[in-house]
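The lines below spell out each chain.
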Amino acid sequence: TWGSIISKQNYEMASSSALSSSFKFGTMNYPGKAIIFQKQYLYGIIPLHQVLPGHVLLIPKRTVLNYKDLEPAEVFDMALAIRFLSKELEKFYSCTSSTIYIQNYGKEDENNPDKINHVYVHLIPRRKGDLKRNDDIYPLLQDYDRQLQVQYNNNIVLLSPHSQVSIEKLGLEAQKHREYLKKAEIDYS
């Protein structure tokens, strides 16, 4: 039954090999230090560009343009990760809800350099008053791909001393999340 499958689902923290390398996210080679959570088919990461504190991206390991093109096992991993991470990040950030937003792409986006072209999910813990109006979150997500790529190019690609500081800062923030989630994982085993 679904209940027994879900209760036996094993949540994994990022492996040391994943943390020391990078992974493909669209055209980016994203630093593994950003990983806070992984499953067989996805990564949960702290993005370089966060629209609100606690903003996390869930990214399938396989490059796919659209959510409807994910395999059933990938969708299952994504759904369980959303359930687990939304609950735990709301606690971690003392929030009462989360915005969950799927970023899809179509064939028309494939050659657009402003698009990441890799389906992913925004998971953003929310609290009353974090934005003037609750729906103000959506305009912030409209231009998200370009903003993330600007941060990636400025903080990772340039390989300046500033880049290393950015990667280390990202790694330290991700480490706090990994430690918290590792404790929370017990509730789901």
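Residues numbered from 1 in each chain as written. Predicted model: local features only at pLDDT ≥ 70, side-chain atom pairs only at ≥ 80, totals over all residues. Heavy atoms only, no water.

A. Just the layout of surface pockets, in detail. For the largest pocket, the calculated volume is near 170 Å³. For the largest pocket, the full set of lining residues is Ile46, Pro47, Leu48, Gln50, Asn155, Ser166, Lys169, Leu170 and Glu173. Top contributing element to the lining of the largest pocket by residue count: helix H6 (residues 161-184), with 4 residues. (1 Å grid on protein atoms, 1.4 Å probe; cavity = no way out; pocket = protein on both sides within 12 Å on 5 of 7 lines; lining within 4 Å. Points joined across faces, edges and corners; volume = space filled by probe spheres on them. Helix = DSSP H or I, 4+ residues; strand = E, 2+ residues; numbered from the N terminus.)

B. Representation of unusual backbone geometry in the model. The backbone of Ser94 sits at a positive phi, close to 50°, despite the residue not being glycine. Along the chain, the position of Ser94 falls in the loop between helix H3 (72-92) and strand S6 (97-103). Exposure remark for Ser94: the relative accessible area of 59% places this residue in the exposed category. Despite not being glycine, Asn117 has its phi angle at roughly 60°, a positive value. By the secondary structure assignment, Asn117 is in the loop between S6 and strand S7 (120-126). On the basis of relative accessible area, Asn117 is assigned to the buried category, the value being 12%. (Buried < 20%, exposed > 50% of the residue type's maximum accessible area, 1.4 Å probe, protein only.)

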